[in-house]
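Results of the structural survey
Here is what each chain is made of, one letter per residue.
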Amino acid sequence: GYANRAEARRLLKFETATAERADRSLFVSHAEAILFRSVTRLGADKVGVLENGIDLDFYDPAGEYPSVGVEGAPLIVPVKAMA
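All figures in this text were calculated on a predicted structure; none of them were measured in a lab.

Here's the deal with the packing of aromatic side chains
- Under the criterion given, the structure shown has two aromatic pairs.
- An angle of 40 degrees between the planes, with centres 4.9 Å apart, marks the rings of Phe 27 and Phe 36 as tilted.
- Measuring from centroid to centroid gives 4.7 Å for Phe 58 and Tyr 59, while their planes differ by 85 degrees, and the two rings are edge-to-face. Pair check on accessibility: Phe 58 and Tyr 59 agree, each one exposed.

Okay, here's the thing in structure tokens:
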């Protein structure tokens, strides 16, 4: 509703002002950087990408890994989608 839109405008204003003062703002994906540039109108000289480096050989989804946690206890893994 209205409150969410007002909060979004205030947050964008704050994030833009902060990014303008910074030497460079870094995002973990090109999609995030492009979106931030489009809404703030800042250029690639101010907004860049520093990708999360993941060793895909070490963290192979098909690999076998030792069990973690306590047997029978729930295991909570926070997951965030990063586009």
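Right, picking up where we left off after that structure.
Quick notes on helix α1 (residues 2–21)
- In this model, α1 (20 residues) spans 29 Å end to end at C-alpha, consistent with the 28 Å of a helix rising 1.5 Å per residue.
- The set of residues buried in α1 consists of Ala 6, Thr 16 and Ala 19. Along the axis of α1, the buried residues cluster in a sector spanning 165 degrees; they form a single face. Seen from the open side of α1, the exposed residues pointing more than 90 degrees away from its buried face are Ala 3, Asn 4, Arg 10, Phe 14 and Arg 21.
- Those residues of α1 that are buried are in contact with β1 (25–27) and α2 (30–40).

So, the packing of α1 against α2
- Their axes nearest at 10 Å, the elements α1 and α2 cross at an angle of 100 degrees. For the element pair α1 / α2, the angle class is roughly perpendicular. Taking contact as the criterion, the partners of Leu 12, Glu 15, Thr 16 and Ala 19 in α1 are, on α2, Phe 36, Val 39 and Thr 40.
- Split into classes, the residues belonging to the contact of α1 with α2 amount to four nonpolar, two polar and one charged.

Calculation criteria
Residues numbered from 1 in each chain as written. Predicted model: local features only at pLDDT ≥ 70, side-chain atom pairs only at ≥ 80, totals over all residues. Heavy atoms only, no water. Phe/Tyr/Trp six-rings, centres within 6.5 Å; stacked < 30°, edge-to-face > 60°. Buried < 20%, exposed > 50% of the residue type's maximum accessible area, 1.4 Å probe, protein only. Helix = DSSP H or I, 4+ residues; strand = E, 2+ residues; numbered from the N terminus. Expected span 1.5 Å × (residues − 1). Arc of directions from axis to C-beta. Contact = heavy atoms within 4.5 Å. Axes fitted to C-alpha atoms, helices over the stretch in contact; angles between N-to-C directions. Parallel < 35°, antiparallel > 145°, perpendicular 65-115°, else oblique. Nonpolar A, V, L, I, M, F, W, Y, C, P; charged D, E, K, R; others polar.

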